[in-house]
Amino acid sequence: MKKFGRKLLATLVASTMVLSMAACGSSDDKKSDSGSGDTEATTAADTSGGSGDLIKVGIINNDPNESGYRTANDKDLKAMFCEANGYDASFAYSLKNDEQITSAQKFIQDGVDYLLLSAADTSGWDSVLKDAQDAGVRVILFDRTIDASDSLYEASIVSDMDKEGETAANWLKDQNLSEYNIIHLQGVMGSAAQQGRSGALDKLAKDNGWNIVQQQTAEWNAEKAQQIVQSVIDSGEKFNVIYAENDDMAKGAVEALDKANISHGVGKDVVVMGFDCNKWALEELLNKNWNYDGQCNPFQAKYIDDVIKKLEAGETLSEKTIIMEEKGFDATTITQEDVDNYGI
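Right, let's walk through the structure included here. (Residues numbered from 1 in each chain as written. Predicted model: local features only at pLDDT ≥ 70, side-chain atom pairs only at ≥ 80, totals over all residues. Heavy atoms only, no water.)

Focus on the nonpolar core
Soluble globular proteins tend to pack their nonpolar side chains together in the buried interior. Within the largest apolar cluster, 36 residues are counted, with the highest numbers of intra-cluster contacts made by L185, V229, F239, I242 and L257. Looking at this core, the elements with two or more residues in it are β7 (181-186), α7 (192-208), α8 (222-235), β9 (241-244), α9 (247-259) and α10 (279-286). The element contributing the most residues to this core is α9, with six residues. (Core = buried A, V, L, I, M, F, W, Y, C linked by side-chain atoms within 4.5 Å. Buried < 20%, exposed > 50% of the residue type's maximum accessible area, 1.4 Å probe, protein only. Helix = DSSP H or I, 4+ residues; strand = E, 2+ residues; numbered from the N terminus.)

A word on the packing of helix α3 (residues 68-80) against helix α11 (residues 301-312)
Orientation of α3 relative to α11, taken along the N-to-C sense of each, is 40 degrees, at an axis distance of 9 Å. Across from D76, L77 and M80 in α3, the residues of α11 making contact are A301, K302, I304 and D305. Along the lines of polarity and charge, the residues of the contact of α3 with α11 split into four nonpolar, no polar and three charged. (Axes fitted to C-alpha atoms, helices over the stretch in contact; angles between N-to-C directions. Contact = heavy atoms within 4.5 Å. Nonpolar A, V, L, I, M, F, W, Y, C, P; charged D, E, K, R; others polar.)

A few points about the packing of aromatic side chains
Under the criterion given, the structure shown has seven aromatic pairs. Lying across the ring of W280, K251 places its NZ or CZ 5.1 Å from the centre. Taking the ring centre of Y153 as reference, the NZ or CZ of K320 above it sits at 5.7 Å. (Phe/Tyr/Trp six-rings, centres within 6.5 Å; stacked < 30°, edge-to-face > 60°. Lys NZ or Arg CZ within 6 Å of the ring centre and 35° of its normal.)

Describing the pattern of salt bridges
On inspection of all chains with the given rule, the structure shows 14 salt bridges. Linking E66 and R144 is a salt bridge whose minimum nitrogen-to-oxygen distance equals 3.9 Å. On the criterion of sequence distance, the pair formed by E66 in the loop between β2 (55-61) and α3 and R144 in the loop between β5 (138-143) and β6 (155-158) is long-range, its members being 78 residues apart. Each member of the pair, E66 as well as R144, is classed as buried. As a salt-bridge pair, K106 and D110 come within 2.7 Å of each other at their nearest N and O atoms. Of the residues examined, K106 reaches a relative accessible area of 12% and is grouped as buried. Residues joined by salt bridges that share partners form a network here, namely E66, R70, D143 and R144. (Salt bridge = Lys/Arg side-chain N within 4 Å of Asp/Glu carboxyl O.)

Points about the sheet that holds strand β11 (residues 292-295)
Note on sheets: strands pair through backbone hydrogen bonds, and any given pair is parallel or antiparallel. Pairing in this open sheet of six strands is mixed, and the strands run β8-β7-β9-β10-β11-β13 from one edge to the other. This sheet does not close on itself; its edge strands, each paired only once, are β8 (211-217) and β13 (328-330). Each strand axis lies, on average, 15 degrees off the axis of its neighbour in the sheet, ignoring direction. Of the pairings in the sheet, the one linking strand β10 (residues 271-276) to β11 comprises four bridges and is parallel in character. Each residue of the ladder has a partner; that of F275, found in β11, is G294. Running over the sheet, α7 touches β7, β8, β9 and β10 and is turned about 165 degrees from β7. (Pairing = 2+ DSSP bridges.)

And the structure:
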């Protein structure tokens, strides 16, 4: 469907909900409050008589303050989807699925050409994506997968979260520890990252008889992770592995270890594992204070831009799912070059 036709159809759909639109206001009227489902417009194209030939996109993401990974991801998207690159972009942020779905409905009503989505939860998206399709809005997933038919979106530019978890869990198995007593710090439950990173550890723990001392969500948050680890320390229960599903939670865990004078890192009492490859986290590996960090590549904007350009040109995509290339880093082999090249 050509761009004009998509916009006309979106306008017709939106006209049935004009009262609710009047209550919402335009995306230019709101600014992000970092995770409350608010919307932020990043161009002022409408102030001089319309957006012209700009491609209108609505981008739904998780809270940029969630982690260093998410901050880098948001910065990458904003650098790409700007007026100078031919886009009229608005952003909405939330860690809650229902708020993200509300934002998606709002973007559809506003008649965006493309809806870019990093879902807080893998489920619950079928209905709103069908609405987008009916309105002629093309959907592109980034960062995270969802449990929905691939007929509801044009492309998916994502990390292989299952592979990230398998790489990390297999690395842990290869350490051949005399015993495995693991504190497992989970991310936001139901997210693709949490499911992939948890699932691999759960499987190997079951297959190999590892002891999961504590398994609890810290919701990607360092302070919550520190509290969980501190509670285990206070209980006197024995542990020798911290498996944290992002770097911030690993950092919080280490703060609890340091307060209790428990050594950690290469050749020390506790193995520390994180994900995302923040530069400061890789430096912890380089200094042998941590043991492992799994890469999660946040730089998806150029891939999304390429997909949009092909779709606008009427081209058929050669592949629907684009998997980001990622690796895991071991403190015993990481180099300064790795830190410089892969740290975010």
